[in-house]
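# A closer look at the structure
If you want the building blocks of each chain, they are given just below.
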Amino acid sequence: MNINGLFAHSLTDLIRGIRQNKKNEQSYIAKEIADIRLELRRNDPDLKAQAIAKLTYLQMMGYDMSWASFHVVEVMSSPKFLYKGIGYLGAVQSFNQETDVLMLTTNLIKKDLASANASEIGIAINGLSHILTPDLARDLCADLVAMLNHSRPIVRKKVLLVLYKVFLKYPEGLRLSFSRMKDRLEDPDPSVVSAAVNVICELARRNPKNYLSLAPQLFKLLTTSSNNWMLIKIIKLFAALTPYEPRLTKKLLPPITTLIQTTPAMSLLYECIHTVIAGGMLATTGSGSNAESANMLAATCVTKLRTFLEDPDQNLKYIGLLALTKILPSHPHLVAEHKDIILKCIDDPDISIRMRTLDLIVGMANKKNLTEIVKRLISHLLPINENDVTTSSSLNNGAATAALMDPTYRADIIRRIIFICSQNSYANITNFEWYLAVLSDLTNIAGVNVGESLMQQFMDVGVRVKSARSYTVQLMMRLLADKKLTEPTRTEDSNSMVLLAAAWLTGEYCALLENPETALELLAQKSTAKLDPAIQATYLQTMLKIFAYWMNSLQYSWNEEARQSLVEMVDLLRDGIKDMFSRSPDLEVQERASNISVILDIIAEHVPRTPLKIANSISFAPTMPKPPAVLGSLYPLFFNQELNPVAPKAQKKVPVPEGLDLESWIHEPVPEQEPESSDDDDFLNERPSRWGEEAVSGKSKKKGKKGRDQEDTKESAEAKAKRKAERRERQKHDPYYIGGGGDSPKSQKKSQDDLDVDSIPIVQLSMDGFAKPIVATRHPCRVCGRGDA
Amino acid sequence: MPINYVLLVSRQGKTRLAKWFTTLSPKEKSKIVKDVTQLVLARRTKMCNFLEYKDTKVIYRRYASLYFITGVSPEDNELLTLEIIHRYVEVLDRYFGNVSELDLIFNFERAYYILDELLLAGEMQESSKTAPLKAIQDHDAIEMEEANEEKNK
């Protein structure tokens, strides 16, 4: 179709064609690409350039053009400026570090750099900045540095910026040209200076110490320049430098303070505040006056940030929150003053702002405002209950609720609530019962599966806080009875893991239960078989515990009623366990179930099945027969001692008893082993010890062997050398020993190799029956190719 | 610190310009474009112009039917990047004279060249408005010359 090239589509045609063929875009583009391939094969430079331009456009839309890289280089080398530009553009868009035609470009770029035309130099440099490889960087570094003195400022500034990229790939270049770059700071042209500042900023971020010497120059620029862009970069640079040079802080405070108070530019203000915070200029340590001024500065910053928050522009709110988060660790009281406006930001429909506020609030929580904060956060989770059925949400609320229903967001909020409440071992909670209520509310309205964290919280609070235990246990009973948890409709959303906590707590503290029988009935429900195996296992254990306790309590009021209820309960439990749990696929559940059913069988044997006889005795009140001994038998199993939580560092606080030396040997260490046959066991035991002695790192794991090492250093060097020689002998012919460390195991190995090789008999093969006789070579190995074949 | 990429995306999600200042594989590039476009197009007008994507920040601004999106590293000054975007739009406006999306579609190489004059290796090269303009006009002059030579040959 396009044989002559006369009808080749130009770039405009291509674009128009794509816009017209919206429906069959893929096929149209495929056809175009085929045409482009044909065009590229021809030798016409115009066609080629046009084809590359089209390809670049298609590449932007997502179609790969790496197959055309050679053609791109051809177009790049075209003498015409327009085509050169197209070529470089194509290169920039499609080349990456592995494109092999890049080496062809080295000379090309060199030529372009030396060109008289500043624009040509410009596009060459620009293209270079994108396709730099370490090789290109090395080759072109010298040329670029020479161009730093070019007459045109445009060129100078571009060279500076591309040098930065060069230094990233070829760090050696930096050392050679650093002084030249420094000179550019004094350049008459402001754009060149600004470019130099940019580059130095970037370099300094990676390695601040080297650039401290430039500080005075930069300081002069800071105070004299009015170019906001450059000022911002310089300030950022100082933020990176101040940690290394504390005197800078003092010098910088006045100009920065002036800037903060006077500049109308928001971005500059923000940058100053950011630097002040990040650079540690607000540190309150040091001399009195310094601390005072630092505090004043902090106060000014926070006031300015407050104005950000009050501004209707969302952007300012966002960065205001960001900065406040940074200033929080050092001046929490200042931030707390503005708590009201921060809390308002939580309700903002914009999710970015909300996330920032969450961060800030989490850092700000303390005893007084905890309840309020948590209430606010929970109210965020609530709408899911009201809105999920109704479809009449206005457009404004639609997106907000959509965000609220986002499971990651909800999980995040819940996690943060738990975090702020449990900080510092619950230092912030004054009323644990309130906290438990919050946790159970969360279980109900969560809508996401945060069961694990909630479960841990319940257990933690239940175990540690004695005073709230009775409330905890009541709450847990309610959870156990909650049908939504025990029979969840969608398992990903449910928080049934809290049932594990519920079961465990009820079991452990069943003394506080009002009605143990209801608990037992709840636990033995049919629906429990569908729960997670870990939960089932805990259920079983709890059942036994509660049963033991209840049985024990029956002892004190043993009558006919009690007997009957005992019989019923035993039967209920036995049936329940046999049906549901004994055949469970999970091993833990099965094991526990069978243990319990055996125990219950034993108990059942001892439970009197016949109605009690009331013996009429001489005394007034009819005495009851004694309760069977079995009633009290299980109780001690679980309830002899109360388990208390132990802090992880508690062991260290236990004083070591007198006369006990933990460091001394328990018995004399065994002397160095005699050389034995290389049994597998010995191999595993012995080798590490020898390596431990020889190698410097000494990574032997067994303490005994380490002791051996220590002892060896006390032995004479003679004995050591003797043992070493013996060992060498052994290891020479040991097939298991791989070698390493000590003197020349390599040469050993080599000699071994040579030995082996030479001892192999060389056979002369005569191939009479074949066309070519093959001569046997000295080296029998044909793989490495040595010798003729 | 430097800008990692600049994308121009229409309201329908079509990429009008994509400039990358880091080397990435094409797959990664298209993934980033897809994800970031989705995130930005889902925002409403009142929301703030800063987003977080993985561990980078995304800063965008909407001009008529085009979204100008930039990806920067987390320590960058967001307001400054917004200014850079605005500077680019101003230069485009001066060059094309009341620039519209159609101008950018049909003259996408010019758009790239102007961006190159403004940003090099992800850093702001030139903060004045007139200098890039002048550079591009020089470019055009040379092209005109060459085209005239061709015609006269």
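From a predicted model like this one, the values you see are computed outputs, not experimental measurements.

Attention shifts here to the overall build of chain A. Helices and strands together make up the secondary structure of chain A, namely 39 helices and zero strands. Out of the 789 residues belonging to chain A, those deemed buried represent 47%. When contacts within chain A are restricted to residue pairs at least 6 apart in sequence, long-range pairs at least 24 apart make up 67% of them. Counting every atom, chain A has about 42,300 Å² of accessible surface; 55% of that belongs to carbon and sulfur.

What follows covers the overall build of chain B. Scanning chain B from terminus to terminus reveals five helices and seven strands. For chain B, the proportion of its 153 residues judged to be buried stands at 58%. Taking the contacts inside chain B whose residues are at least 6 apart along the sequence as the reference set, 48% of them involve residues at least 24 apart. Roughly 6,600 Å² of accessible area belongs to chain B as shown, and the carbon and sulfur atoms make up 52% of that amount.

So, about helix α27 (residues 469-481) of chain A. With 13 residues, α27 of chain A should reach 18 Å at 1.5 Å per residue; the first-to-last C-alpha distance of 19 Å fits that figure. Along α27 of chain A, the residues that are buried comprise Arg 469, Thr 472, Val 473, Leu 475, Met 476, Met 477, Leu 479 and Leu 480 of chain A.

Residue and element names in this part refer to chain B. Per the stated rule, a full pass over the model turns up 15 salt bridges over all chains. In this structure, Glu 90 engages Arg 87 in a salt bridge whose closest nitrogen and oxygen atoms are separated by 3.4 Å. A residue pair is termed a helical-turn pair when its members lie 3 or 4 positions apart in one helix, as Glu 90 and Arg 87 do in helix α2 (residues 78-96) at three residues. Overall, Arg 87 belongs to the buried group, its relative accessible area being 16%.

Turning our eyes to something else, we now look at the interface of chain B and chain A. With 54 residues of chain B in contact, the opposing surface of chain A contributes 61 residues. For the pair chain B and chain A, the summed buried surface comes to about 5,300 Å²; carbon and sulfur atoms form 58% of the total. At the surface where chain B touches chain A, the tally comes to one salt bridge. One salt bridge connects Glu 117 of chain B with Lys 158 of chain A, and the closest N-O pair in it is separated by 3.0 Å. Mapped by element, the contributors of at least two residues to the side of chain B that touches chain A are β2 (15-20), β3 (50-53), α2, α3 (101-106), α4 (108-118), β7 (123-124) and α5 (130-152) of chain B. Considering every element that reaches the side of chain B that touches chain A, the biggest residue donor is α2 of chain B, with seven residues.

This part is about the environment of Ala 239 of chain A. Residue and element names in this part refer to chain A. In this structure, Ala 239 sits in helix α13 (residues 228-241). The class of Ala 239 is buried, set by a relative accessible area of 18%. The spatial distance from the C-alpha of Ala 239 to the C-alpha of Cys 272 is 9.2 Å, given a sequence separation of 33 residues.

Two measures define how a pair of helices packs: the angle their axes make with one another and the distance between the axes. All names here are of chain A. Direction vectors running N to C along helix α5 (residues 81-94) and helix α7 (residues 118-131) enclose 10°, while the axes themselves pass 9 Å from each other. With respect to their mutual orientation, α5 and α7 come out roughly parallel. The segment α5 lies against α7, with Phe 81, Lys 84, Gly 85, Tyr 88, Ala 91 and Val 92 engaging Ser 119, Glu 120, Ile 123, Ala 124, Gly 127, His 130 and Ile 131. A breakdown of the residues in the contact of α5 with α7 according to their chemical character gives seven nonpolar, four polar and two charged.

Attention now moves to the confidence of the model for chain A. Residues and elements named next belong to chain A. Scored by pLDDT, chain A has a mean of 71; 74% of the residues are at 70 or more. The weakest mean pLDDT in chain A belongs to helix α36 (residues 680-694) at 44; the strongest belongs to helix α2 (residues 25-41) at 83. Here residues 676-712 is a poorly scored stretch, pLDDT under 50, and it has 44 contacts once near neighbours within four places are set aside; other chains count. Considering only residues more than four positions removed or in separate chains, one finds that residues 785-789, a stretch of pLDDT under 50, has six contacts.

All right, on to the pairing of β3 of chain B then. Direction of pairing for β3 of chain B relative to strand β4 (residues 56-63) of chain B: antiparallel, over a ladder of four bridges. Residue pairing for β4 of chain B: Phe 50 of chain B is matched across the bridge by Ile 59 of chain B.

Okay, a nonpolar patch on the surface next. A cluster of nonpolar side chains, namely Val 656, Leu 660 and Leu 662 of chain A, defines an oily patch on the protein surface of about 300 Å² accessible area. Assignment of secondary structure puts Leu 662 of chain A in the loop between α35 (650-653) and α36.

It is worth spelling out the layout of surface pockets at this point. Of the voids in this model, the largest pocket is the one considered here, and its volume is about 1,200 Å³. Taken together, 49 residues make up the lining of the largest pocket; nearest its centre are Gln 59, Met 60, Met 61 and Gly 62 of chain A together with Ala 18 of chain B. For the lining of the largest pocket, a count of residues per class yields 18 nonpolar, 19 polar and twelve charged.

Right, let's get into the packing of helix α14 (residues 246-262) of chain A against helix α15 (residues 266-278) of chain A. All names here are of chain A. Closest axis-to-axis distance for the α14/α15 pair is 9 Å, and the angle between their directions is 140°. Looking at the two axes, α14 sits oblique to α15. At the point where α14 passes α15, the crossing takes the left-handed sense. Contact residues: Ile 256, Leu 259 and Ile 260 in α14; Leu 268, Leu 269, Cys 272, Ile 273 and Val 276 in α15.

A few words on unusual backbone geometry. All names here are of chain B. Of note in this structure, Ala 64 is not a glycine but carries a positive phi near 50°. On the secondary structure map, Ala 64 appears in the loop between β4 and β5 (66-72). Exposure remark for Ala 64: the relative accessible area of 66% places this residue in the exposed category. Phi angles above zero are rare outside glycine, and Asn 98 is one such case at about 60°. Its location among the elements puts Asn 98 in the loop between α2 and α3. We classify Asn 98 as exposed; its relative accessible area is 65%.

Moving on to empty space enclosed by the protein. Tallied over the full model, the rule gives six cavities of 30 Å³ or more. Approximately 210 Å³ is the volume found for the largest cavity. What lines the largest cavity is a set of 19 residues, and nearest its centre among them are Lys 233 of chain A together with Leu 80, Ile 84, Glu 123 and Met 124 of chain B. Elements supplying a minimum of two residues to the lining of the largest cavity: α11 (190-206) and α13 of chain A together with α2 and β7 of chain B. Here the residues of the lining of the largest cavity are counted per class, giving eight nonpolar, seven polar and four charged.

Residues and elements named next belong to chain B. Looking at chain B as a whole, the pLDDT averages 83, with 99% of positions reaching at least 70. Averaged pLDDT values over the elements of chain B bottom out at 73 in β7 and peak at 90 in β5. Among the scores for the predicted complex, ipTM is 0.76 and pTM is 0.62.

Let us now look at the nonpolar core. Counting 267 residues, the largest nonpolar core has Phe 238 and Phe 547 of chain A together with Tyr 88 of chain B as the members making the most contacts within it. Apart from the residues lying within four places of it in its own chain, the contact partners of Tyr 88 of chain B are Leu 8, Leu 17, Phe 68, Ala 111, Ile 114, Leu 115 and Leu 118 of chain B.

What the rule picks out here adds up to eight aromatic pairs over all chains. With a centroid separation of 5.1 Å and an interplanar angle of 40°, the aromatic rings of Tyr 5 of chain B and Trp 20 of chain B are classed as tilted. Residue Tyr 5 of chain B is found in strand β1 (residues 3-10), and its partner Trp 20 of chain B is found in strand β2; the two are separated by 15 residues along the sequence. Comparing Tyr 5 of chain B with Trp 20 of chain B, the two get one shared label, buried. When the centroid spacing of 6.2 Å and the interplanar angle of 75° are considered together, the rings of Phe 108 of chain B and Tyr 112 of chain B count as edge-to-face. Residue Phe 108 of chain B and its partner Tyr 112 of chain B are located together in helix α4, separated by four residues, close to a single helical turn. On the basis of relative accessible area, Tyr 112 of chain B is assigned to the buried category, the value being 0%. Ring pairing ties together the aromatic residues Tyr 57 of chain A together with Phe 108 and Tyr 112 of chain B, which thus form one cluster. Here the guanidinium or amino end of Arg 37 of chain A rests over the ring plane of Trp 67 of chain A, the centre of that ring lying 4.0 Å away.

Another aspect to go through is the sheet that holds β3 of chain B. All names here are of chain B. The strand order across the open sheet formed by five strands is β2-β1-β5-β4-β3, and the pairing between neighbours is antiparallel. Among the strands making up the open sheet, the edge pair consists of β2 and β3. Averaged over all pairs of adjacent strands, the angle between their axes in this sheet comes to 20°, without regard to strand direction. On top of the sheet, α4 reaches β1 and β2; it is set at about 35° to β2, its chief contact.

Reading the values: rules and limits
- Residues numbered from 1 in each chain as written.
- Chains lettered and ligands numbered in written order.
- Predicted model: local features only at pLDDT ≥ 70, side-chain atom pairs only at ≥ 80, totals over all residues.
- Heavy atoms only, no water.
- Helix = DSSP H or I, 4+ residues; strand = E, 2+ residues; numbered from the N terminus.
- Buried < 20%, exposed > 50% of the residue type's maximum accessible area, 1.4 Å probe, protein only.
- Contact = heavy atoms within 4.5 Å.
- Areas by Shrake-Rupley, 256 points an atom, 1.4 Å probe, with all protein chains shown as cover.
- Expected span 1.5 Å × (residues − 1).
- Salt bridge = Lys/Arg side-chain N within 4 Å of Asp/Glu carboxyl O.
- Buried area = accessible area lost by both parts, 1.4 Å probe.
- Axes fitted to C-alpha atoms, helices over the stretch in contact; angles between N-to-C directions.
- Parallel < 35°, antiparallel > 145°, perpendicular 65-115°, else oblique.
- Nonpolar A, V, L, I, M, F, W, Y, C, P; charged D, E, K, R; others polar.
- pLDDT = per-residue confidence, 0-100.
- Pairing = 2+ DSSP bridges.
- Patch = residues over 30% accessible without salt bridge, like charges linked within 9 Å, V, L, I, M, F, W, Y side chains within 5 Å.
- 1 Å grid on protein atoms, 1.4 Å probe; cavity = no way out; pocket = protein on both sides within 12 Å on 5 of 7 lines; lining within 4 Å.
- Points joined across faces, edges and corners; volume = space filled by probe spheres on them.
- Left-handed = near helix turned anticlockwise from the far one by under 90°.
- Core = buried A, V, L, I, M, F, W, Y, C linked by side-chain atoms within 4.5 Å.
- Phe/Tyr/Trp six-rings, centres within 6.5 Å; stacked < 30°, edge-to-face > 60°.
- Lys NZ or Arg CZ within 6 Å of the ring centre and 35° of its normal.

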